[in-house]
Amino acid sequence: MDLTLEVIETERLLLVLADLKFANEIFKNFNSETTKYMYPKPANDISETIDFLSNSILEMKKGTNYQVIITKKDTHEFIGCAGLHDLTSEIPELGIWIKKESFGNKYGQETIKGIVNWAVKQNKWNKARYPVDKRNISSRKIPESLNGIIVKEFKSINMSNVELDEVEYEVSLEKDFA
Ligand SMILES: CC(C)(COP(=O)(O)OP(=O)(O)OC[C@H]1O[C@@H](n2cnc3c(N)ncnc32)[C@H](O)[C@@H]1OP(=O)(O)O)[C@@H](O)C(=O)NCCC(=O)NCCS
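Residues numbered from 1 in each chain as written. Predicted model: local features only at pLDDT ≥ 70, side-chain atom pairs only at ≥ 80, totals over all residues. Heavy atoms only, no water.

What follows deals with the UniProt feature "domain: N-acetyltransferase" (unreviewed entry) in the protein. With numbering matched to this structure, UniProt assigns "domain: N-acetyltransferase" (unreviewed entry) to residues 12–146. The distance separating the terminal C-alpha atoms of residues 12–146 is 18 Å; by composition the span is 36% helix and 24% strand. (UniProt positions renumbered as here; feature names shortened; annotations may be inferred. Helix = DSSP H or I, 4+ residues; strand = E, 2+ residues; numbered from the N terminus.)

This part is about the packing of aromatic side chains. On inspection of all chains with the given rule, the structure shows five aromatic pairs. Residues F78 and W97 carry aromatic rings whose centres are separated by 6.0 Å and whose planes lie at 55° to one another, so their mutual orientation is tilted. Here F78, found in strand β4 (residues 78–85), pairs with W97, found in strand β5 (residues 93–98); they are 19 residues apart in sequence, far enough to count as distant. On the accessibility criterion, F78 (4% relative accessible area) is buried. Note on W97: relative accessible area 8%, which makes it buried. (Phe/Tyr/Trp six-rings, centres within 6.5 Å; stacked < 30°, edge-to-face > 60°. Buried < 20%, exposed > 50% of the residue type's maximum accessible area, 1.4 Å probe, protein only.)

Counting buried positions over the eight residues of β4 gives seven, a clear majority of the element. With six bridges joining them, strand β3 (residues 66–72) and β4 adopt antiparallel strand pairing. By the bridge assignment, T71 is partnered in β4 with F78. Taking the residues between adjacent antiparallel strands as the criterion, β3 and β4 are bridged by five residues, where H76 takes a positive phi near 65°. The pairing of β4 with β5 spans six bridges and is antiparallel. Paired with G80 across the strands is I98, a residue of β5. (Pairing = 2+ DSSP bridges.)

Here's what the structure looks like:
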């Protein structure tokens, strides 16, 4: 797929392409508190994190995934991970997590807005999906801040064997967000 996979710069953040050098930070911060409302579970061993990064890098080469690491522009501090996945499907999926000590700064909203604006520029999709557990208020605020609309509701079981009670938002990719 013909895409420009590039570093995204937002007001406070640099979203850089997935790289093995972030394995330690990801392994350390992707814990059960972070994944409470997510499908994946924390890695038991850093080799799983390395596999995740290696796969992401391979998928980016194939143009099927856009996986970024969120860093602070001024200090280069690791903040979390985000991406736009299933790039060959008609409606790709947005995903994000942020390390707990960085909650409360709306870095999540800023990151997803940056990715959405990147996706608008690619001119390949009309919309993106954002599935989220109903109880995950800070996460629901992300698609809502981009005028997302709820298109379905469903229950699923995550990798930690916990039931998620999800809504799925669709966010328009037809024009960018200031
Ligand atoms: C979801 C996530 C990325 C949001 O990050 P963020 O945009 O930086 O969010 P913030 O912590 O700055 O909070 C944003 C808003 O949610 C509100 N909020 C946060 N926790 C809340 C809670 N428990 N109840 C109600 N509101 C809450 C904040 O007050 C803030 O509100 P405002 O925008 O009206 O001022 C981050 O919380 C996260 O990584 N969570 C763990 C992983 C996860 O669940 N990922 C998403 C899967 S769909």
